[in-house]
Amino acid sequence: MTPHIPYLTARPAWKALESHFNDIGDVHLRTLFADDSERGRRLTAQAAGLYLDYSKNRVTDETMGLLVELAKQSGLQDRIAAMFSGEKINITENRAVLHVALRASRQTAIMVDGENVVDRVHAVLDKMADFSGRLRSGEWKGHTGRPIRNVVNIGIGGSDLGPVMAYEALQHYSDRSMTFRFVSNIDGTDVTETLRDLDPAETLFIVASKTFTTQETMTNAQTARDWLVKGLGGDKDAVARHFAAVSTNAGKVAEFGIDTANMFEFWDWVGGRYSMASAIGLSTMVAIGPEGFYGLLEGMRQMDEHFRTADFGHNLPVLMGLLTVWYANFFGAPTVAVLPYEQHLNRFPAYLQQLTMESNGKHVTLDGTAVDYQTSPVYWGEPGTNGQHSFYQLIHQGTRLIPCDFIAFAQSLNPVGRHHDILMANVFAQAEALAFGKTAGEVRAEGTADWLVPHRVFGGNRPSTTILAERLTPEALGKLVALYEHSVFTQGVIWDIDSFDQWGVELGKQLAARILPELDTNTEPGHDSSTNNLIRRYREMK
């Protein structure tokens, strides 16, 4: 029986953290470093090839000890064990949460309703590898007998953000003789511009929709189908050679014209935002090959095992999750900036937006009690050094406290002159500048006029965490993804919320379905005065 967990603010560690925050909340990082010459070495952790420097956070050893104690009092260890064993911890949907099963080794047994789901996972992976190999080699031919050179993934949410992020991140390893594109937005411009310069005879579409009824995805898929059939002379039989499906609805897939032999399964114990290691990653496997995809899974597996077994004081995802709780709930920091200093990770912040905010943007606890504390912060970011000439001004000298995650790699995938040294110098410089700033005295010592001094002062004391890895490989990407997945899980356990449902996306869908037929009729819409007026105005402007 699961032990009773007291409401968050009633836990002894929480109360101790409140008292502790009153003591150290205003202590400057300059002081913390001045008082501890080993701080920069000691407040670090490493595992699975990732090095985590959290010394530039506004914490002490006592802070971290209290945060770890909060994790223990929140039942984190039991919740980790429950997830990895296949318990149905997504309570509002009565589902297991087993993205970790997607990257488990063949020898692993994870039981759900009496079945070892790992066997099913590897059966799908084998099928994906066979399909990808035939596409990449040219063995698979389109309707006219020509090989496939263009792959278009059609999905939305987790069926898009994961694949497009992974493709961008791992483009260095992709088959450059093939073109990969991604369609998600219901705006017709997205699919139109994607298809504009492609040859239907050489194009394959992967339609990713569990139910094969998702409005945005199926509308885009139908448009793609019409484009293909028209471009191949009106022959509807062409669909079977130019479409594959990632779905569980064989009836709808066959009705669309797709051969169900080219349908790849995934399961209700995999949430969309956690699904890039499933068949949702089919486009990724086609791009980087089965070996590269298995490397991605291996990286995830290594971080999974670290998260499952490491003590909390040295557990990378736990440490990152606890730091997020510290800033969100005690400092009132509303956002976290994720700043990858690697151009290939340009879509990583967007991917994390769904992972973090769809998971933990919740307002009630597991038992339905309204929370009176903050849950998920807003995650956002941009690759360095672009952001430095954009929003870093606000992070350095603005009025909001914005914790930052810097992500960097010791080796460049594209070593050109001194580019990478300059890039890395900027990573380290930004973290240093945020932490220590520049005092009025230091500004004056540079000969700055008194009237200008206030404008050039950097307050510092802006926290950051730096994540270093050797090189951006499929394995390294897998480790980063799993690191943030388990950090999100840690936060959700502390906040006592269900990180694996997403009821917040439902209401807008329901209202859109109601509004859609009202856009093509003269009957009076039945909404509030603003919505009714907008619908009438839209009709006039059409």
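Residues numbered from 1 in each chain as written. Predicted model: local features only at pLDDT ≥ 70, side-chain atom pairs only at ≥ 80, totals over all residues. Heavy atoms only, no water.

In the annotation of an unreviewed UniProt entry, the chain is listed under the name Glucose-6-phosphate isomerase and assigned to Desulfosalsimonas propionicica. Turning to the chain, the UniProt annotation filed under Function (unreviewed entry) states: "Catalyzes the reversible isomerization of glucose-6-phosphate to fructose-6-phosphate." Listed under Subcellular location (unreviewed entry) in UniProt, the entry text for the chain is "Cytoplasm". (UniProt positions renumbered as here; feature names shortened; annotations may be inferred.)

Caption draft 1: Fine view of the overall build of the chain. Scanning the chain for helices and strands turns up 21 helices and 13 strands. Seen along its three principal axes, the alpha-carbon backbone of the chain occupies a region of about 75 × 60 × 60 Å. Burial status across the chain gives 53% buried among its 542 residues. A fraction of 73% describes how many contacts in the chain between residues 6 or more apart in sequence connect residues 24 or more apart. (Helix = DSSP H or I, 4+ residues; strand = E, 2+ residues; numbered from the N terminus. Buried < 20%, exposed > 50% of the residue type's maximum accessible area, 1.4 Å probe, protein only. Contact = heavy atoms within 4.5 Å.)

Caption draft 2: Molecular detail of the nonpolar core. Ranked by internal contacts, the top residues of the largest apolar core, which has 126 residues, are W269, F348, L477 and Y484. Residue assignment places this core across two domains, with domain 1 (8-74 + 294-495) and domain 2 (130-288) each supplying three or more. (Core = buried A, V, L, I, M, F, W, Y, C linked by side-chain atoms within 4.5 Å. Domains from an automatic or database assignment.)

Caption draft 3: Main features of the UniProt feature "active site" (unreviewed entry) in the chain. Taking the numbering used here, the UniProt-annotated feature "active site" (unreviewed entry) corresponds to E358, H389 and K509. For this annotated set, covering 152 residues, the C-alpha atoms extend up to 37.6 Å from each other, a dispersed arrangement in space. Within the annotated group, the residues that form the lining of the largest pocket are E358 and K509. Along the chain, E358 falls in helix α14 (residues 348-360). Look at E358 and you get partly exposed, because its relative accessible area is 22%. Once residues within four sequence positions are removed from consideration, E358 is found in contact with R273, Q353, D501, Q502 and V505. A polar contact of 2.9 Å, which involves the side chain of E358, links it to the side chain of R273. Along the chain, H389 turns up in the loop between β11 (378-381) and α15 (392-397). (1 Å grid on protein atoms, 1.4 Å probe; cavity = no way out; pocket = protein on both sides within 12 Å on 5 of 7 lines; lining within 4 Å. Polar contact = N/O pair within 3.5 Å; in protein donor to acceptor, adjacent residues only side chain to side chain.)

Caption draft 4: Focus on the domain arrangement of the chain. Taken as a whole, the chain is organised into domain 1 (8-74 + 294-495), domain 2 (130-288) and domain 3 (506-541). A C-alpha centroid distance of 32 Å is found between domain 2 and domain 3.

Caption draft 5: Structural context of the packing of helix α12 (residues 282-309) against helix α19 (residues 474-495). Here α12 crosses α19 at 40 degrees, and the two axes come no closer than 7 Å. In this structure, α12 meets α19 at a crossing whose hand is right-handed. Across from G292, G295, L296, E298, G299, M300, Q302, M303, D304 and F307 in α12, the residues of α19 making contact are P474, E475, L477, G478, K479, V481, A482, L483, H486, F489 and T490. Grouping the constituent residues of the contact of α12 with α19 by class yields 10 nonpolar, 7 polar and 4 charged. (Axes fitted to C-alpha atoms, helices over the stretch in contact; angles between N-to-C directions. Left-handed = near helix turned anticlockwise from the far one by under 90°. Nonpolar A, V, L, I, M, F, W, Y, C, P; charged D, E, K, R; others polar.)

Caption draft 6: Up close: the environment of V371. Relative to the helices and strands, V371 resides in the loop between α14 and β11. Taking the C-alpha atoms as reference points, V371 and L8, 363 residues apart in sequence, are found 9.1 Å from one another.

Caption draft 7: The arrangement of the sheet that holds strand β8 (residues 243-246) in detail. Spatially, β6-β5-β7-β8-β9 is the arrangement adopted by the 5 strands of the open sheet, whose pairing is parallel. Across the chains shown, the open sheet's two edge strands, defined by having one partner strand only, are β6 (179-183) and β9 (263-264). Across 2 bridges, β8 lies against β9 in parallel orientation. Each bridged residue has a counterpart across the sheet, and for V246 the counterpart in β9 is F264. Running over the sheet, α12 touches β5 (150-154), β6, β7 (203-208) and β9 and is turned about 165 degrees from β6. (Pairing = 2+ DSSP bridges.)

Caption draft 8: Summary view of the packing of aromatic side chains. Taken as a whole and judged by the stated rule, the model has 27 aromatic pairs. Ring centres of F21 and W326 lie 5.8 Å apart, and the angle between their planes is 85 degrees; this geometry places the pair in the edge-to-face category. Here W326 lies in helix α13 (residues 316-331) and F21 lies in helix α1 (residues 12-24), a separation of 305 residues in the sequence. Its relative accessible area of 0% is what places W326 among the buried residues. Between F205 and F243 the ring centres are 4.9 Å apart and the planes differ by 25 degrees, which places this aromatic pair in the stacked class. Within this pair, whereas F205 is found in strand β7, its partner F243 is found in strand β8, the two being separated by 38 residues in sequence. The pair F205 / F243 is uniform in exposure class, with both members buried. (Phe/Tyr/Trp six-rings, centres within 6.5 Å; stacked < 30°, edge-to-face > 60°.)

Caption draft 9: Local environment of the sheet that holds strand β12 (residues 404-409). Read across the open sheet, the 6 strands follow the order β1-β2-β13-β12-β10-β11; overall the sheet is mixed. Both edges of this open sheet fall to β1 (44-47) and β11, since each of them pairs with a single strand only. Averaged over all pairs of adjacent strands, the angle between their axes in this sheet comes to 20 degrees, without regard to strand direction. In this structure, strand β2 (residues 50-53) lies alongside strand β13 (residues 464-469), joined through 3 bridges in antiparallel fashion.

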